[in-house]
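Notes for the structure review
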Amino acid sequence: MQWEQLLSLRKQGDSKQRLRADENETRLGFEVDYDRVIFSSAFRSLQDKTQVIPLSKTSFVHTRLTHSLEVSVVGRSLGRAVGKAILEKYPKLATECGYRFNDFGGIVAAAALAHDIGNPPFGHSGEKAIGDYFLNGSGKRFRDYLSEKEYQDLIDFEGNANGFKILTESKDGVQGGLRLTYATLGAFMKYPKQSLPKKPTDNVCDKKFGVFQSESAFFNEVADALGLIKRPDANGYVRHPLAYLVEAADDICYTIIDFEDGINLGLIEEEMALEYLINLVRGNLKTEVYYKLKTPQNRLAYLRALAINTLVTEATSIFLKNEEAILNGTFSEALLDSSQYKAQISDIIKISVEKIYRSDEVREKEIAGYNILYTLLDTFTSAFENYHNDVARPYDLLLLRTVSPTITKQDSVYKYLMESCGYISRLTDGSAVQIFQKVKGNL
């Protein structure tokens, strides 16, 4: 892969080439990407979507929105650090093409800002609830009307693929969705493959999938334009190099900041937490500074900042050390999997899983979330099904107008099922509860 292609400013529908040297320096294309994501309704809805605790009433717990903003900040730092080194290694990128190290930061920041934009209500349990509805619930009645890949899209409903759909889908007269640059879309695609074959290798980009059948043609267009290397055995491509930085930014933030949320919620003892964080940053800890801090909150904030800075430096170093393997498509793991701090990171994540993600509060709300999403899926897929079978009731038509003002019987079963899932996935945790109550007849 070549950096000149990977940094493409092209957008969906472009008829002529976009050159970095021609860009307006006051508002670069990659900065426009960031702006378009942050002003989108899909991004704003993340303020009421689960990061750690579903439907939390506690103000200091992160939502998907605050998490995404923090990931974008960390991603920008990673991108700039890597960009500076890349331009020194390949000076023609600057002298002939006009790229600056801030461009790398802008791409990673925009992709990182959008990385959770496709997540349904109630976090990862929401993804599982949608998939389970079609695999084991009444949604399995649609199996015989779908291709194998279409059915896999539904039973393994994936927030990353849904995010690509939201960012690129033409809808309601808006062509190309947010019309982001191909470079940003490439960096967004952590799993550049279709839903089948499922996990064909241990390569990190086969862990999940990143595109539904409905967007596969444009997905391939973006990948080919960027020069991503094809992987026919996986029905996909190797990652865009900057996708590794987006992933690292996310890994850093959820490892450290979810852990911090657990402490603030009282789910993790402060002294235990401080000990685990000190183990991570011991080599960079300035004891004379640390022991001047009088409160656990201040000590925690200091260790959190130091931990993030330590892991940003580490991820940057690992990327640059393996840059050639990444460009050749032979690097196959997350950056922090190669980290000297892997054991300390694993210890922190293990505590978070035990104390936070499997806590009674999370489990009880996830149970409620399953029931809510099952009910909504059954309600809306039945309305579409009745409409297409010419047995729609007035109630069904009311529901369908909620999903889309323009519906057509020409749509395939796959398309209207994806329409139902797409509508539900865009709901916030709170609005999913409200619509569930209305469907149940509670005003």
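No experiment lies behind these values; they were computed from the predicted model shown.

**A short note on the packing of aromatic side chains**
Scanning all chains against the criterion turns up 15 aromatic pairs. Ring centres of Y133 and Y374 lie 5.6 Å apart, and the angle between their planes is 90°; on these two criteria the pair is classed as edge-to-face. Separated by 241 residues along the polypeptide, Y133 in helix α7 (residues 123-135) and Y374 in helix α18 (residues 360-388) bring together distant segments of the chain. Exposure remark for Y374: the relative accessible area of 23% places this residue in the partly exposed category. Here the aromatic residues F164, Y182, F218, F219 and Y237 are joined through ring pairs into a cluster of three or more. A cation sits over an aromatic face here: R239 above Y191, 5.7 Å from the ring centre. When the ring centre of Y244 is taken as reference, the NZ or CZ atom of R239 above it lies at 4.9 Å.

**A short note on the packing of helix α6 (residues 101-113) against helix α12 (residues 241-264)**
Between two packed helices, what matters for the description is the angle formed by their axes and the separation of those axes. Relative orientation of the contacting elements α6 and α12 amounts to 55°, with a least axis distance of 9 Å. Compared by their axis directions, α6 and α12 come out oblique. The two elements α6 and α12 cross, and the hand of that crossing is right-handed. Within the contact between the two elements, α6 uses F104, I107, V108, A111 and A112 and α12 uses L242, L245 and V246. For the contact of α6 with α12, the residue count by class is eight nonpolar, no polar and no charged.

**What about the nonpolar core?**
Ranked by internal contacts, the top residues of the largest apolar core, which has 91 residues, are W3, L242, L280, L303 and L335. Considering every element that reaches this core, the biggest residue donor is α12, with 12 residues. Not counting residues up to four positions away in its chain, the partners in contact with L303 are L274, L277, I278, V281, L285 and Y290. One finds L377, M418, Y423 and F436 within the second-largest nonpolar core, a separate group that totals 37 residues.

The rules behind these values
Residues numbered from 1 in each chain as written. Predicted model: local features only at pLDDT ≥ 70, side-chain atom pairs only at ≥ 80, totals over all residues. Heavy atoms only, no water. Phe/Tyr/Trp six-rings, centres within 6.5 Å; stacked < 30°, edge-to-face > 60°. Helix = DSSP H or I, 4+ residues; strand = E, 2+ residues; numbered from the N terminus. Buried < 20%, exposed > 50% of the residue type's maximum accessible area, 1.4 Å probe, protein only. Lys NZ or Arg CZ within 6 Å of the ring centre and 35° of its normal. Axes fitted to C-alpha atoms, helices over the stretch in contact; angles between N-to-C directions. Parallel < 35°, antiparallel > 145°, perpendicular 65-115°, else oblique. Left-handed = near helix turned anticlockwise from the far one by under 90°. Contact = heavy atoms within 4.5 Å. Nonpolar A, V, L, I, M, F, W, Y, C, P; charged D, E, K, R; others polar. Core = buried A, V, L, I, M, F, W, Y, C linked by side-chain atoms within 4.5 Å.

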